[in-house]
Amino acid sequence: MDTDGGVAKYSNNKAGAKYGTGYCDAQCPRDLKFINGEANVAGWTPSTNDANAGVGNYGSCCSEMDIWEANNMATAFTPHPCTTIGQSRCTGDACGGTYSSDRYSGVCDPDGCDFNSYRQGNKTFYGKGMTVDTNAKITVVTQFYTDASGNLSEIKRFYAQNGKIIPNSESTIAGNPGNSITQDWCDKQKAAFGDTGDFNKKGGLAQMGKALAGDMVLVMSVWDDHAVNMLWLDSTYPTDKAGVPGAERGACPITSGVPADVEAQVPNSNVIYSNIRFGPIGSTVAGLPANGGGSSSSSSTVKATSTTSVASSTKAGTTTTTTSKPATSSTTSVKPSTTSTASGAKATHWGQCGGNGYTGPTVCESPYTCKYSNDWYSQCL
């Protein structure tokens, strides 16, 4: 999507990204109020379960890289390629995705190739008190690797928590081993689960890489799901497929996640993102594997919190980030490496150089300069 929300491209757009215009994703959402500088009022049908939403004739499509879709029960990271690169507007059911009668009729892959540890057979890896403990702060690391031709070839996931680096869980699904996303892994997952092969029809991992090679926008949010109650993330979905490979995605009951219940029972669901970082593989968090190749690495530290009245049926709102230049967030205590010169210590490329409470070097080594990100973080770029 355009970094300015489409202000420069569409003269009618006076709002910009600050007010949410310009948004797009691989569902080609038709519930957006404004698309390409026009109100999406033609054919608008109000939602039956959300007073603030509805569906119009237009949708807004673009490639989507879900770095972190999660609540305190389940998580997934998922590339969604589109045959077109950049934001485009679609019309009616030709949009495909969640809001159309033919889910796969659009230019984007609405399903993606997801890695959800629970769905891949490890039901004790992520959650409260588990290997990755959602009761505590989590640093989420996403690494993007390219092959000799520069094509995206692999997406790896690590977690850092309580001073330890935790590799992503291994899939235990028959015929679909591994703990990272590759084209071969996606092919085997689709076969093992009997999923629709739209990922490959829309270009697969290489096409996702073409989008990541350009400009994309990091989006952070907290949301609930008025379409299918987030069951695709943390429950059994489709709901009548219990026991079928790929259907069990989390331990939540199929009656959970109803937005009205979530908003009434856990109104203070929240997430904190901090210290967003990006840089070469292994540079964003100490102790990560550093396997060259000139790829990018991103890490996100999030703390998913919720106050629940009934732990088995209430959820924190799912947090979604869609990004390109793999952004990284972390609230670790790791400080950036520094170099010593006659004029004193200087922060290295990608290192932190400022922010509230920061006590390290504020000058970057040449030729880099300290760039302000927010009140809590500045980085040498």
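Scroll up for the structure.
For clarity, every value in this text was computed on a predicted model and none was experimentally measured.

Student: How should the overall build of the chain be read in this particular structure?
Tutor: The helix and strand inventory of the chain stands at five helices and 22 strands. When the 381 residues of the chain are sorted by exposure, 47% land in the buried category. Of all intrachain contacts in the chain linking residues separated by at least 6 positions in sequence, the fraction that spans at least 24 positions is 64%. Accessible area for the chain stands at about 16,600 Å²; split by element, carbon and sulfur atoms hold 53% of it.

Student: Looking at this structure, I do not really get the nonpolar core. What am I missing?
Tutor: Nonpolar side chains tend to gather and get buried jointly when the protein is soluble and globular. Counting residues in each nonpolar core, the largest one holds 26 residues, and the members touching the most others are Trp68, Ile155, Tyr159 and Ile181. At the level of secondary structure, the elements contributing two or more residues to this core comprise β6 (64-70), β11 (138-146), β12 (152-161), α1 (183-193) and α3 (204-212). Ignoring sequence-local partners within four residues, the contact set of Ile181 consists of Phe77, Pro79, Cys113, Phe115, Ser153, Glu154, Ile155, Cys186 and Leu205. Core analysis: the second largest hydrophobic core is formed by seven residues, Ala26, Cys61, Cys82 and Cys108 among them.

Student: Quick question: what am I supposed to make of the packing of aromatic side chains here?
Tutor: Given two aromatic rings, one states the distance between the centres and the angle between the planes to describe the pair. If you walk through the whole model with that rule in mind, you get six aromatic pairs. Geometrically, the ring pair formed by Trp68 and Tyr126 is edge-to-face, given 6.0 Å between the ring centres and 70° between the ring planes. Taken together, the residues span a long stretch of sequence, with Trp68 in strand β6 and Tyr126 in strand β9 (residues 126-127) at a distance of 58 residues. Of the two residues, Trp68 and Tyr126, neither departs from the other in class, the shared state being buried. Taking the centre distance of 5.8 Å and the plane angle of 20° together, the rings of Phe77 and Phe115 count as stacked. Pair noted here: Phe77 is in strand β7 (residues 75-80) and Phe115 is in the loop between β8 (88-91) and β9, with a separation of 38 residues, a long-range link.

Student: What should I look at first to understand unusual backbone geometry in this one?
Tutor: Peptide bonds are mostly trans, and most non-glycine residues show a negative phi. Cis rather than trans, the peptide bond between Tyr237 and Pro238 has omega equal to -5°. Within the fold, Pro238 resides in the loop between α4 (231-234) and α5 (259-265). One non-glycine residue, Met230, lies in positive phi territory at about 65°. Within the secondary structure, Met230 sits in the loop between β14 (219-223) and α4.

Student: Would you mind showing me how to read the side chain of Gln189 here?
Tutor: In this fold, Gln189 is placed in helix α1. Exposure remark for Gln189: the relative accessible area of 0% places this residue in the buried category. Here the side chain of Gln189 touches Asp114 through a polar contact of 2.8 Å, landing on its backbone oxygen. Looking at Gln189, its side chain comes within polar contact range of the side chain of Gln120, at 3.0 Å. Discounting residues that sit within four places of it in the chain, Gln189 has contacts with Cys113, Asp114, Arg119, Gln120 and Asn176.

Student: Any chance you could explain the state of the cysteines here in plain terms?
Tutor: Between two cysteines, a covalent bond joining their sulfur atoms is known as a disulfide. By the definition in use, this model includes seven disulfides. With its sulfur 2.0 Å from that of its partner, Cys90 forms a disulfide with Cys95. Across the disulfide from Cys90 to Cys95, rotation about the S-S bond amounts to roughly 110°, and the bridge is consequently right-handed. With a relative accessible area of 2%, Cys95 lands in the buried category.

Student: Please explain the pattern of salt bridges as it appears in this structure.
Tutor: Proximity of charged atoms lets side chains of opposite charge pair with each other. Evaluated as defined, the whole model comprises nine salt bridges. In this structure, Arg30 engages Asp93 in a salt bridge whose closest nitrogen and oxygen atoms are separated by 3.4 Å. One end of the pair, Arg30, is in the segment before β1 (34-35); the other, Asp93, is in the loop between β8 and β9, and 63 residues separate them in sequence. One salt bridge in this structure joins Lys188 and Asp184, with 3.1 Å as the shortest N-O distance. One end of the pair is Lys188 and the other is Asp184, both in helix α1 and four residues apart, which spans about a single turn. A single network of salt bridges, built from pairs that share partners, joins Asp114, Arg119 and Asp195.

What counts and what doesn't
- Residues numbered from 1 in each chain as written.
- Predicted model: local features only at pLDDT ≥ 70, side-chain atom pairs only at ≥ 80, totals over all residues.
- Heavy atoms only, no water.
- Helix = DSSP H or I, 4+ residues; strand = E, 2+ residues; numbered from the N terminus.
- Buried < 20%, exposed > 50% of the residue type's maximum accessible area, 1.4 Å probe, protein only.
- Contact = heavy atoms within 4.5 Å.
- Areas by Shrake-Rupley, 256 points an atom, 1.4 Å probe, with all protein chains shown as cover.
- Core = buried A, V, L, I, M, F, W, Y, C linked by side-chain atoms within 4.5 Å.
- Phe/Tyr/Trp six-rings, centres within 6.5 Å; stacked < 30°, edge-to-face > 60°.
- Polar contact = N/O pair within 3.5 Å; in protein donor to acceptor, adjacent residues only side chain to side chain.
- Disulfide = S-S within 2.5 Å.
- Salt bridge = Lys/Arg side-chain N within 4 Å of Asp/Glu carboxyl O.

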